[in-house]
Amino acid sequence: MTINNTEVNSEMLVLARKKIRKEKWKAFFGTIGQNKAAVVGGVIILLYISLTFLAPILAPYDPYEINLPDKLQSPSIHHWMGTDDKGRDILSRILYGSRLSLGVGFSSVSFGAFFGIILGLIAGYYGRWVDTIISRCLDVMLAFPGILLALAIISALGPSLINVTIAVGVFSIPLFARIVRGSTMEVKKLEYIDAIRTLGANDFIIIFRHIFPNILSPIIVQGSLRLATAILSAAGLSFLGLGAQPPSPEWGAMLSSGRDFIFSAPYMAIFPGLMIAILVLGFNLFGDGLRDALDPRTKK
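For every chain, the first residue of the written sequence is number 1, and numbering continues from 1 onward in sequence order. It should be noted that, the model being predicted, local features are given only for residues of pLDDT at least 70 and side-chain atom pairs only at 80 or more, the latter also being counted only at that level, while totals for whole chains, interfaces and linings use all residues. Values shown for side chains rest on all heavy atoms present in the structure; no hydrogens or waters enter the calculation.

Q: Report on the overall build of the chain, specifying residues and quantitative values.
A: Put simply, DSSP marks the helices as runs of H or I at least four residues long and the strands as runs of E at least two long, and each gets a number from the N terminus on. Of the regular secondary structure elements, the chain holds twelve helices and zero strands. Sequence-ordered secondary structure for the chain, helices as α and strands as β, is α-α-α-α-α-α-α-α-α-α-α-α. Partly exposed residues are those whose accessible area sits between 20% and 50% of the maximum for their type, while under 20% is buried and over 50% is exposed, using a 1.4 Å probe and protein chains only. Every one of the 300 residues in the chain was classed for burial, and the buried ones make up 44%. A contact between two residues is defined here by any heavy atoms of the two lying within 4.5 Å. Within the chain, contacts between residues at least 6 apart in sequence are counted, and of these 73% link residues at least 24 apart. Note that accessible areas follow from Shrake-Rupley with a 1.4 Å probe, and for residues the cover is restricted to the protein chains shown. Surface accessibility of the chain: about 15900 Å² in total, with carbon and sulfur atoms responsible for 66%.

Q: Tell me about unusual backbone geometry, and name the residues and values.
A: Despite not being glycine, leucine 72 has its phi angle at roughly 55°, a positive value. The residue leucine 72 is located in the loop between α2 (36-58) and α3 (90-126) in this model. Looking at leucine 72, the relative accessible area reads 32%, which means it is partly exposed. Here the phi dihedral of arginine 128 falls at roughly 50°; this positive angle occurs in a residue that is not glycine. Examined against the element boundaries, arginine 128 turns out to sit in helix α4 (residues 128-142).

Q: Got a sec to walk through the nonpolar core? Specific residues and values, please.
A: Residues enter a nonpolar core if they are buried and are Ala, Val, Leu, Ile, Met, Phe, Trp, Tyr or Cys, with the set joined through side-chain atoms within 4.5 Å. Ranked by internal contacts, the top residues of the largest apolar core, which has 57 residues, are Ile211, Trp251 and Phe283. No other element matches the eleven residues that α3 contributes to this core. Tryptophan 251 has contacts with Tyr48, Ile94, Gly97, Ser98, Ser101, Pro272, Met275, Ile276 and Leu279, leaving out every residue within four places of it along the chain. Val130, Ile134, Leu138 and Ala177 belong to the second largest nonpolar core, which has five residues in total.

Q: Can you explain helix α8 (residues 191-198)? Please cite residues and give values.
A: Residues of α8 that are buried: Tyr192, Ile193, Ala195 and Ile196. Mapping the buried residues of α8 onto a view down its axis gives an arc of 160°, with all of them on the same face. Seen from the open side of α8, the exposed residues pointing more than 90 degrees away from its buried face are Glu191 and Thr198. Glycine 200, located one to two residues past α8, shows a positive phi value of around 100°. Starting at the helix axis, one direction is taken to each C-beta atom, and the arc is that of these directions.

Q: Describe the packing of aromatic side chains, and please don't skip the residues or the numbers.
A: Pairing of aromatic side chains here covers Phe, Tyr and the six-membered ring of Trp, requires ring centres within 6.5 Å, and sorts the geometry by plane angle: under 30 degrees stacked, over 60 edge-to-face, intermediate tilted. One pass over the structure, following the stated rule, counts six aromatic pairs. Put simply, the rings of Phe111, Phe114 and Phe115 touch in pairs and so form one group of aromatic residues. Counted as over-ring charges are cases with an Arg CZ or a Lys NZ within 6 Å of the ring centre that also lie within 35 degrees of the ring normal. Across from the ring centre of phenylalanine 239, 4.8 Å away, lies the NZ or CZ of arginine 259, which sits over that ring.

Q: An account of the packing of α4 against helix α7 (residues 173-187) is requested, with residue identities and associated values reported.
A: What counts as an axis is a line fitted to C-alpha atoms, over the stretch in contact for a helix, and the angles between N-to-C directions run from 0 to 180 degrees. Contact geometry for α4 and α7: axes closest at 9 Å, N-to-C directions at 140°. α7 is crossed by α4, and the crossing has left-handed handedness. Facing Asp131, Ser135, Leu138, Asp139, Met141 and Leu142 of α4, the residues of α7 in contact are Ile173, Pro174, Leu175, Ala177, Arg178 and Arg181. Ten residue types, Ala, Val, Leu, Ile, Met, Phe, Trp, Tyr, Cys and Pro, are classed as nonpolar, four, Asp, Glu, Lys and Arg, as charged, and the remainder, Gly among them, as polar. Looking at side-chain class alone, the contact of α4 with α7 contains seven nonpolar, one polar and four charged residues. Less than a right angle of anticlockwise turn of the near helix away from the far helix marks a crossing as left-handed, whereas a clockwise turn marks it as right-handed.

Q: Break down a nonpolar patch on the surface for me, citing the residues and quoting the values.
A: A cluster of nonpolar residues, Phe53, Leu54, Ile57 and Leu58, forms a patch on the protein surface that exposes about 440 Å² of accessible area. Assignment of secondary structure puts phenylalanine 53 in helix α2. You can call phenylalanine 53 exposed: its relative accessible area is 63%. Think of a patch as exposed residues, more than 30% relative accessible area, with no salt bridge, where like charges cluster within 9 Å and nonpolar side chains (Val, Leu, Ile, Met, Phe, Trp, Tyr) cluster within 5 Å. Put simply, a salt bridge is a Lys or Arg side-chain nitrogen that is within 4 Å of an Asp or Glu carboxyl oxygen.

Quick look at the structure:
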């Protein structure tokens, strides 16, 4: 009879925890809608994402077509953002470039989040020597500035957009791992985890079905803020010639090409730079709004 009561109480505790989690997410969507900065950031992000899908429809010209007679034309009705030194329409290249910049940002953050979450969950749940080994490895990675670590990786792999994605993703791993590790160590001490373990659940079920869903808040916040850094880092590496290679319309590469004409045709650098700045601003605004909504303790 004692065992049955324990099982019933444990199940009730788990169900109550799930109900609380659902209520938290419901409150989150209500809070995020009241945050003006987050709404503005979300609109910017949705607008950019829309551009990636509508680029073939909205682009007035082929972004790769060279037309030397029309090179270095100032913004006009025919070319709203002008043309570059090879006569290619800058607006068309920016629209298609949104696919590359956003693709690298999301891919690199997903790469870093996947491995960081796995390492953080293992280190935080098992602790002891497992935690020590993983934490020391993460400390070694954090000892290098992110951009220098990315440069070292690209130097070994070679310049390309795929290698930039890997490089930016690698120096995102320790950031996610440390956040997940700390959150896991807090959650695993709660009563409902002991109750689930009493019911005979194995470590895999406990970690990925019961701990992971309850630590999503800091992961989401970190991911949204990390996207801004990833896009900026990828653009910086392409600006240095280590990322997207010509004739790719990636914004960082376009900015690099435009610096040679900064006085004669400043629009070649201004428009790609503005696109990067506005997108990064959007992710930062949205990330700050997420942090306020998911963690009320950060509000002033």
